[in-house]
Amino acid sequence: MRFRNRLASIKEVRMTSVEETVKELASQTRDEFYHYLSIPTVSAQKTGIPETVEAVKAMLEKRGADVRVLDDLGGNPVIYASFVSSKSDKTLLFYNHYDVQPPEPFDEWLSEPFVPTLRDDILYCRGVADNKGNLMTRLVAIDYLLMRDGELPCNVKFLIEGEEEIGSPHLEPYLEKYADLWQADGCIWEFGGKQEDESFVIDCGLKGLIYMELNVSTASIDAHSSLAALFDNAAWRLVQALASMKSVDNRILIEGFYDKVVAPTEEEIKRTLDIVVDQEGFNRNFGLTRPFIEDGRNPANGLALTFSPTLTVNGLLSGYINQGSKTVLPKAAMAKIECRLVLGQTPADIEQLVRKHLHKHGFDDIELKVLAAQSPYRCPMDSAFVKLVEASANDVYQPESKVLIRPTNAGTGPMDLFGKYLNGMSIATSGTGWAKSQAHAPNESMRMSDYYQGIRHMIRLMDTMDDMEG
């Protein structure tokens, strides 16, 4: 009944140009979208999960999908949805996630983080860019096609999980057990969008990640700092261990760290050179006070962003950090660090190399815990599916935006699991991001113009799935 009512509702939309019809459908679904955005679905804080699962399930069922909420293998539920078409034997898979990052720090938001706010045709809300807005582009595109034809031009499946923002720790068993549900001819990944020069970038892979916590304790209680002449200092000990891992010119010093890195091909390098990395733009958007670390050594910063592994200190905690002074010698120190990994590297290998490094340099007392891990993945840029995504994007984004194919995005997600359990599936990104989306930061945003284009791209892609070779 809900599906029939939905069809009756959307058929009232006057079919003019695709652009105008998309805008009208987006307007009709605004309340639905805003409700979805308003739920504080923060997986790291375990808030809003049941409400969001119910909201996503309802949105899919309203459009006629066969929906299953899978929750038998631990973690937040994974949502499967399927639309069957009589017009095609091709199947398109969409991967999205319904969880979002924590909104803190609250005082840097110009509006309430979970109150969708439109300013100058830009929509602000936590999760609007990463990743709830991208799911809505798929759903509104489905609305358009159902209104136009009564069914979709190809089979469509969804995998929508709720733990991407904490490293997808429970996704692998779901993909392994239910792999048959998500078999498809290609997958559109959860994100994507435009870079500083307004080029639309399609990525065919992601870097991997290992996220670690380091802890060291040198006493059972904090001591008076006058005893620093006698006592070791947990904060110094941890800082010295961290400093031993990376040089002042940002070369990672962990023995063997680069040994298994797979060098990019000439074609991958050529594609990456088209990617604009605009330092002045980054300076404006992020308020940078230091030059890019590759300045003077690698003028093509896009190559570093795409192909270089990293070692990052994400946070440090030790001693007294509140207002004023306290002459204390801290008993303990903690650091959170991460490595972004490229093809050839694995989280297990890097973990062992870091442990060996700590031992070799006399830091056996530093405890290491792995908090999250994902391997890198890259599908061929010349696969039939990637070519189709590129062609459909050209139909929508050109001539205003140049469409670029990049072998690997600098970010991380569970793409390797899709390749492992879904027969090396071809995967490409497409989304509504822009240079100032500020995903993971305060004032996360999405331009409405990008939202409309994203819907149109999904319409065009589904319309042309049957054109894919093979």
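In case you missed it, the structure is sitting above this.
Residues numbered from 1 in each chain as written. Predicted model: local features only at pLDDT ≥ 70, side-chain atom pairs only at ≥ 80, totals over all residues. Heavy atoms only, no water.

Undergrad: Which parts of the structure should I look at to understand the overall build of the protein?
TA: Secondary structure assignment for the protein yields 14 helices and 20 strands. C-alpha extents for the protein along the principal axes are approximately 80 × 45 × 45 Å. Burial status across the protein gives 53% buried among its 470 residues. Nonlocal contacts in the protein, meaning residues at least 24 apart in sequence, comprise 80% of its contacts between residues at least 6 apart. Of the charged side chains in the protein, 49 are positive and 68 negative, and the gap between their average positions amounts to 1 Å. (Helix = DSSP H or I, 4+ residues; strand = E, 2+ residues; numbered from the N terminus. Buried < 20%, exposed > 50% of the residue type's maximum accessible area, 1.4 Å probe, protein only. Contact = heavy atoms within 4.5 Å. Lys, Arg positive; Asp, Glu negative; His and termini not counted. Charge placed at Lys NZ, Arg CZ, Asp CG, Glu CD.)

Undergrad: Whenever I open this one, the sheet that holds strand β6 (residues 155-161) confuses me. Can you help?
TA: Pairing between the strands of a sheet is mediated by backbone hydrogen bonds and can be parallel or antiparallel. The sheet built from six strands is open, its strands ordered β1-β2-β6-β3-β7-β19 with mixed pairing. Edge positions in the sheet fall to β1 (66-70) and β19 (427-429), since each of these pairs with one other strand and no more. Between one strand axis and the next, the sheet turns by 20 degrees as a mean value, whatever way the strands run. Bridging between strand β7 (residues 186-189) and β19 involves three bridges; their strand directions are parallel. Bridge assignment links Trp189 to a residue of β19, and that residue is Thr429. Across the sheet, helix α5 (residues 128-149) is in contact with β2 (78-83), β3 (91-97), β6 and β7; its angle to β3 comes to roughly 150 degrees. (Pairing = 2+ DSSP bridges. Axes fitted to C-alpha atoms, helices over the stretch in contact; angles between N-to-C directions.)

Undergrad: Honestly, the pattern of salt bridges in this entry has me stumped. Any pointers?
TA: Evaluated as defined, the whole model comprises 27 salt bridges. Put simply, Asp450 and Lys194 hold a salt bridge, and the shortest N to O gap is 3.0 Å. Residue Asp450 is found in helix α14 (residues 448-464), and its partner Lys194 is found in strand β8 (residues 193-194); the two are separated by 256 residues along the sequence. Like Asp450, the residue Lys194 is buried in the burial classification. Ionic contacts of the salt-bridge type, sharing partners, join the residues Glu32, Lys62, Arg63 and Asp143 into one network. (Salt bridge = Lys/Arg side-chain N within 4 Å of Asp/Glu carboxyl O.)

Undergrad: What am I meant to see in a negative patch on the surface here?
TA: Together, Asp89, Asp185, Asp466 and Asp467 make up a region of like negative charge exposed at the surface. Topologically, Asp466 is positioned in the segment after α14. A residue is classified by how much of its surface remains accessible, and Asp466, at 41% relative accessible area, is partly exposed. (Patch = residues over 30% accessible without salt bridge, like charges linked within 9 Å, V, L, I, M, F, W, Y side chains within 5 Å. Areas by Shrake-Rupley, 256 points an atom, 1.4 Å probe, with all protein chains shown as cover.)

Undergrad: For this particular structure, what's the right way to read α5?
TA: Residues lying three or four places apart along an α-helix face the same way, a consequence of the helix completing one turn every 3.6 residues. The first and last C-alpha atoms of α5 sit 29 Å apart over 22 residues, in line with the 32 Å expected at 1.5 Å per residue. Of all the 22 residues making up α5, 20 are buried; the element is thus mostly covered by neighbouring parts of the structure. Gly150 occupies a position one or two residues after α5 and carries a positive phi of about 85 degrees. (Expected span 1.5 Å × (residues − 1).)

Undergrad: Got a minute to help me understand the sheet that holds β8 in this structure?
TA: Ordered by their spatial adjacency, three strands build an open sheet running β8-β9-β17, and the pairing between neighbours is mixed. Edge positions in the sheet fall to β8 and β17 (403-406), since each has one partner strand and no second. Pairing geometry for strand β9 (residues 200-203) and β17, over four bridges, is parallel. Along β17, the bridge assignment pairs Asp203 with Arg406.

Undergrad: Whenever I open this one, the pairing of β3 confuses me. Can you help?
TA: Put simply, side chains in a regular strand alternate between the two faces of the sheet. Burial within β3 is extensive, with seven of its seven residues counted as buried. Both faces of β3 are covered, namely the face carrying Thr91, Leu93, Tyr95 and His97 and the face carrying Leu92, Phe94 and Asn96. Bridge count for β3 against β6 is seven bridges, and the pairing is parallel. Note that in β6 the partner of Thr91 across the bridge is Asn155. Pairing of β3 with β7 involves three bridges; the strand directions are parallel.

Undergrad: Which parts of the structure should I look at to understand unusual backbone geometry?
TA: In most cases, non-glycine residues show a negative phi, while peptide bonds are predominantly trans. Cis geometry marks the peptide bond from Glu104 to Pro105, where omega comes out at 5 degrees. Note on placement: Pro105 falls in the loop between β3 and β4 (117-119). Along the chain, Asp130 connects to Asn131 via a cis peptide bond; the corresponding omega equals 20 degrees. With respect to the element layout, Asn131 can be found in helix α5. The phi angle at His440 is positive, at roughly 75 degrees, despite the residue not being glycine.

Undergrad: Could you clarify how one ought to interpret the side chain of Asn409 in this entry?
TA: Within the fold, Asn409 resides in strand β18 (residues 409-412). Within the structure, the side chain of Asn409 is placed 2.6 Å from the backbone nitrogen of Gly411, a separation counted as a polar contact. Excluding anything up to four places from it in sequence, Asn409 contacts Phe191, Asp203, Gly205, Leu206 and Lys207. (Polar contact = N/O pair within 3.5 Å; in protein donor to acceptor, adjacent residues only side chain to side chain.)

Undergrad: Quick question: what am I supposed to make of the packing of aromatic side chains here?
TA: Remark: the centre distance and the inter-plane angle together describe each pair of aromatic rings, the angle taken between the planes. Inspection of the entire model under this criterion finds 14 aromatic pairs. Measuring from centroid to centroid gives 4.2 Å for Tyr95 and Trp189, while their planes differ by 35 degrees, and the two rings are tilted. Linking Tyr95 in strand β3 with Trp189 in strand β7, this pair joins segments that are 94 residues apart in sequence. Taken together, a centroid distance of 4.9 Å and an interplanar angle of 75 degrees make the contact between Trp189 and Phe418 edge-to-face. One end of the pair, Trp189, is in strand β7; the other, Phe418, is in helix α13 (residues 415-421), with 229 residues separating them in the sequence. Across the pair, exposure class does not vary: Trp189 and Phe418 are buried alike. Joined through ring pairs, the aromatic side chains of Phe33, Tyr34, Tyr451 and Tyr452 make up one cluster. (Phe/Tyr/Trp six-rings, centres within 6.5 Å; stacked < 30°, edge-to-face > 60°.)

So, to be careful, I would describe these as geometric facts and stop short of saying anything about function.
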